[in-house]
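# Observations on the three-dimensional arrangement
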Amino acid sequence: MTGGYDGSLTYFDALSGDELEYFSDLGGAIHASPTIVCSAHDVKAFVTSATWAGKVSCVQVHRSSMTKLWSVDIWSPIYCSPTVCNVDRNRTALSFGGIDGVVRCIDVRDGSEIFRVKTKSLKPIFSRCIRIGSAATESIVFGSHDGSITCFSAKNGSIRWIYKMSGSVLGAPCVVGERIVVASTAGNVVALTMAGEVEKIISKPLDGEIFSTPSAIDGSLYVGARDDHLYKLWI
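Residues numbered from 1 in each chain as written. Predicted model: local features only at pLDDT ≥ 70, side-chain atom pairs only at ≥ 80, totals over all residues. Heavy atoms only, no water.

## Some points on the layout of surface pockets
Unfilled space is identified by rolling a water-sized probe across the atoms. Counted as a void, the largest pocket has a volume near 150 Å³. Lining the largest pocket are Asn-86, Val-87, Asp-88, Arg-89, Ala-135, Ala-136, Thr-137, Glu-138, Ser-153, Ala-154, Lys-155 and Arg-160. Sort the elements by how many residues they give to the lining of the largest pocket and strand β8 (residues 83-88) lands first, with three residues. (1 Å grid on protein atoms, 1.4 Å probe; cavity = no way out; pocket = protein on both sides within 12 Å on 5 of 7 lines; lining within 4 Å. Points joined across faces, edges and corners; volume = space filled by probe spheres on them. Helix = DSSP H or I, 4+ residues; strand = E, 2+ residues; numbered from the N terminus.)

If you want it as structure tokens, here you go:
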């Protein structure tokens, strides 16, 4: 399943490459991968678009076809995939940010809004959030264009902590063990505790801007930068 800049969503057979279904318009350019949610009974895909209306669509995925279930306008372009989180024991939600600097949480069942909360600076959010904490105290963490890392309650959107970096945070943070690692366009890489306190900062910023999400493998961190290098860091 892949989204296009023309607002199309195409469903392919993974073995043969045959096109199974095609939706011509899901609200505008699709910049992020669909978020796929599988359960024992069905598979759903949640797709965001960067039209000026910022549409979120839910698609039911069958073996050889797709069915649109609902679409809602957010009224801000969305450049990230939504993150599935638990609002409470009986309700699953999608959390995402828009270029208006607002974080939204909507119900996966019908797209109805659960909460909407503004970041302090109202600067654009380009990447998806990450989930931290247990089911009872689940939080979502976002990076934004002004370098702020903000942790919100997944239940009601209240702000739990904020950390400010130099440069812009365009890629999503990642979790390495019990730490949150964030990279910025200033070439900085910072490790934070789950409470938002600084645990470690690389001593020298990387030579290139970092646009992507760091990846952790076997305790090491890999970061690609705009100086044409891939860095391996111990943080």
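Here the narrative resumes, following the displayed structure.
## Describing the environment of Val-61
In this structure, Val-61 sits in strand β6 (residues 55-61). Sequence separation between Val-61 and Asp-42 is 19 residues, and the spatial gap between their C-alpha atoms is 7.4 Å. When residues no more than four places from it in sequence are discounted, the contact partners of Val-61 are Met-1, Tyr-11, Val-43, Lys-44 and Ala-45. (Contact = heavy atoms within 4.5 Å.)

## What to know about the pattern of salt bridges
Pairing between side chains becomes possible if they bear opposite charge and their charged atoms approach one another. For the coordinates displayed, the defined rule picks out nine salt bridges. A salt bridge links Asp-107 to Arg-109, with the shortest nitrogen-to-oxygen separation between them at 2.7 Å. Between Arg-116 and Glu-113 there is a salt bridge; the shortest N-O distance is 3.1 Å. On the basis of relative accessible area, Arg-116 is assigned to the exposed category, the value being 54%. (Salt bridge = Lys/Arg side-chain N within 4 Å of Asp/Glu carboxyl O. Buried < 20%, exposed > 50% of the residue type's maximum accessible area, 1.4 Å probe, protein only.)

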